[in-house]
Amino acid sequence: YFSQAYILSAQGDNARATAVLDEMLQQNPKSVEAHLLRGQYHQDDGEQLEQAIDFYTRALKLEPGNLLGLEMRADALEENLQIDEAMADCNEILRLNPADKKVHVRRGRLYLADQEDEAALADFNEAIKRGGPPQAYCHRGGIYFVVQKDYAKAAEDFTSAIKGGL
């Protein structure tokens, strides 16, 4: 089923890929992977974030500590501007895996959305300390340091982001 759904999706036929996953979920409603993939198709659609969040939540009820499920739901929640809920998922991911650099960047963005600049800076710095990703420099420089009017530090971070492959 998964192979068939992936192939259909890669061919741009998400409707048929979704039908394949729905059939799989009818046969095995406890398939975490099918719920996650189904949620991803809704999220990729761009206008179905609530449905995506619902499928991710179903997967997490089946497997509460699933890091991929938490990350996917946090992404959809952030995209849907549900900042507090996205923050809760980020906190849970970092409780389970404190070294996750991408989640430090996401949580930093969420802190910025809540106007908690110092907490955002701490997360961007933690991501950078752990080796990246380049977006951490970009967010720290482009958002934090520019707001603080520290343009020299912002320029350094942009240079680091570009050197890092951004």
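Please read these numbers as outputs of a predicted model, since none were measured by experiment. Within any chain, residue numbers begin from 1 and follow the written order of that chain's sequence. For a predicted model such as this one, the threshold for reporting local features is a pLDDT of at least 70, and the threshold for listing and counting side-chain atom pairs is 80 or more; totals across whole chains, interfaces and linings nevertheless cover every residue. The basis for every side-chain value is the complete set of heavy atoms in the structure, and neither hydrogens nor water enter the calculation.

## Let's talk about a nonpolar patch on the surface
And then number 1: Together, Val146, Tyr151 and Phe158 make up an exposed nonpolar region whose accessible area comes to about 270 Å².
And then number 2: Looking at the element boundaries, Val146 is found in helix α9 (residues 134–147). Here, patches come from residues exposed beyond 30% relative accessible area and free of salt bridges, joined within 9 Å for like charges and within 5 Å for nonpolar side chains (Val, Leu, Ile, Met, Phe, Trp, Tyr). In short, Shrake-Rupley with a 1.4 Å probe defines the accessible areas, and a residue's cover is counted only from the protein chains shown. Salt bridges are defined by distance alone: a side-chain nitrogen of Lys or Arg within 4 Å of a carboxyl oxygen of Asp or Glu. Helix and strand assignments come from DSSP, with helices taken as H or I runs of at least 4 residues and strands as E runs of at least 2, each series counted from the N terminus.

## Observations concerning the pattern of salt bridges
And then number 1: In the structure shown here, the tally under the stated rule is 13 salt bridges.
And then number 2: Of the charged contacts in the structure, one is a salt bridge between Arg58 and Asp54, with a shortest N-O distance of 2.6 Å. Of this pair, Arg58 and Asp54 both sit in helix α4 (residues 49–62), four residues apart, which is roughly one turn of that helix.
And then number 3: Relative accessibility under 20% of the residue-type maximum defines a buried residue, over 50% an exposed one, and the middle range a partly exposed one, all with a 1.4 Å probe and only protein chains included. A residue is classified by how much of its surface remains accessible, and Arg58, at 37% relative accessible area, is partly exposed.

## Some details on the nonpolar core
And then number 1: Residues Leu36, Tyr56 and Leu110 are the most contacted members of the largest nonpolar core, which totals 29 residues.
And then number 2: Once you skip the residues sitting within four places of it in the chain, Leu110 turns out to touch Glu78, Ile83, Ala86, Met87 and Cys90.
And then number 3: Membership of the second largest hydrophobic core comes to 11 residues, among which are Leu8, Val20, Leu25 and Ala34. To qualify as a nonpolar core, a set must consist of buried Ala, Val, Leu, Ile, Met, Phe, Trp, Tyr and Cys residues joined through side-chain atoms within 4.5 Å. For this analysis, residues touch if any pair of their heavy atoms sits within 4.5 Å.

## What about the side chain of His104?
And then number 1: Here His104 shows up in helix α7 (residues 101–113).
And then number 2: A 3.5 Å cut-off defines polar contacts: any pair of N or O atoms within that distance qualifies, except that in protein one atom must be a possible hydrogen donor and the other a possible acceptor, and neighbouring residues in sequence count only when both atoms are side-chain atoms. There is a polar contact of 3.0 Å between the side chain of His104 and the backbone oxygen of Pro98.
And then number 3: Aside from chain neighbours lying at most four places away, what touches His104 is Leu94, Pro98, Asp123, Glu126, Ala127 and Arg130.

## Regarding helix α2 (residues 14–27)
And then number 1: Each helix should span, by expectation, one fewer than its residue count multiplied by 1.5 Å. Counted at 1.5 Å a residue, the expected span for α2 with its 14 residues is 20 Å, and the 20 Å between its end C-alpha atoms agrees.
And then number 2: Taken residue by residue, α2 has Ala17, Thr18, Val20, Leu21, Met24 and Leu25 as its buried positions. Around the axis of α2, the buried residues are gathered within 160 degrees of arc, so they sit on the same side. When the buried face of α2 is taken as reference, the exposed residues oriented beyond 90 degrees from it are Ala15, Gln26 and Gln27.
And then number 3: Elements that come into contact with the buried residues of α2 comprise α1 (2–10), α3 (32–45) and α4. Our arc is simply the arc of the directions from the helix axis toward the C-beta atoms.

## Side note on the packing of aromatic side chains
And then number 1: In summary, the pairing rule links any two rings of Phe, Tyr or Trp, Trp by its six-membered ring, whose centres are within 6.5 Å, and it sorts them by plane angle into stacked for under 30 degrees, edge-to-face for over 60 and tilted for everything else. Going through the model one piece at a time under the given rule, you end up with zero aromatic pairs.
And then number 2: Consider the ring centre and the ring normal. A charge sits over the ring if Lys NZ or Arg CZ is within 6 Å of that centre and within 35 degrees of that normal. In this structure, Arg58 packs its charged tip against the face of Phe55, placed 4.5 Å from the ring centre.

## Comments concerning a negative patch on the surface
And then number 1: In this count, Lys and Arg are taken as positive residues and Asp and Glu as negative ones, while His and the chain termini are left out. In this description, the location of a charge corresponds to atom NZ of lysine, CZ of arginine, CG of aspartate or CD of glutamate. A surface patch of like charges, here negative, comprises Asp44, Asp45, Glu47 and Glu79.
And then number 2: When you line up the elements, Glu47 lands in the loop between α3 and α4.
And then number 3: Residue classification places Glu47 among the exposed residues on the basis of a relative accessible area of 74%.

## Let's talk about the confidence of the model for the protein chain
And then number 1: For the protein chain, per-residue confidence averages 89 on the pLDDT scale, and 99% of positions sit at 70 or higher.
And then number 2: Looking over the protein chain, one finds the lowest element-wise mean pLDDT in α9, namely 78, and the highest in helix α6 (residues 83–96), namely 98. As a per-residue measure, pLDDT tells how confident the predictor is, with possible values from 0 to 100.

## What about the environment of Phe2?
And then number 1: You can see Phe2 is positioned in helix α1.
And then number 2: Note on Phe2: relative accessible area 26%, which makes it partly exposed.
And then number 3: With 35 residues separating them in the primary sequence, Phe2 and Leu37 have C-alpha atoms 8.8 Å apart.

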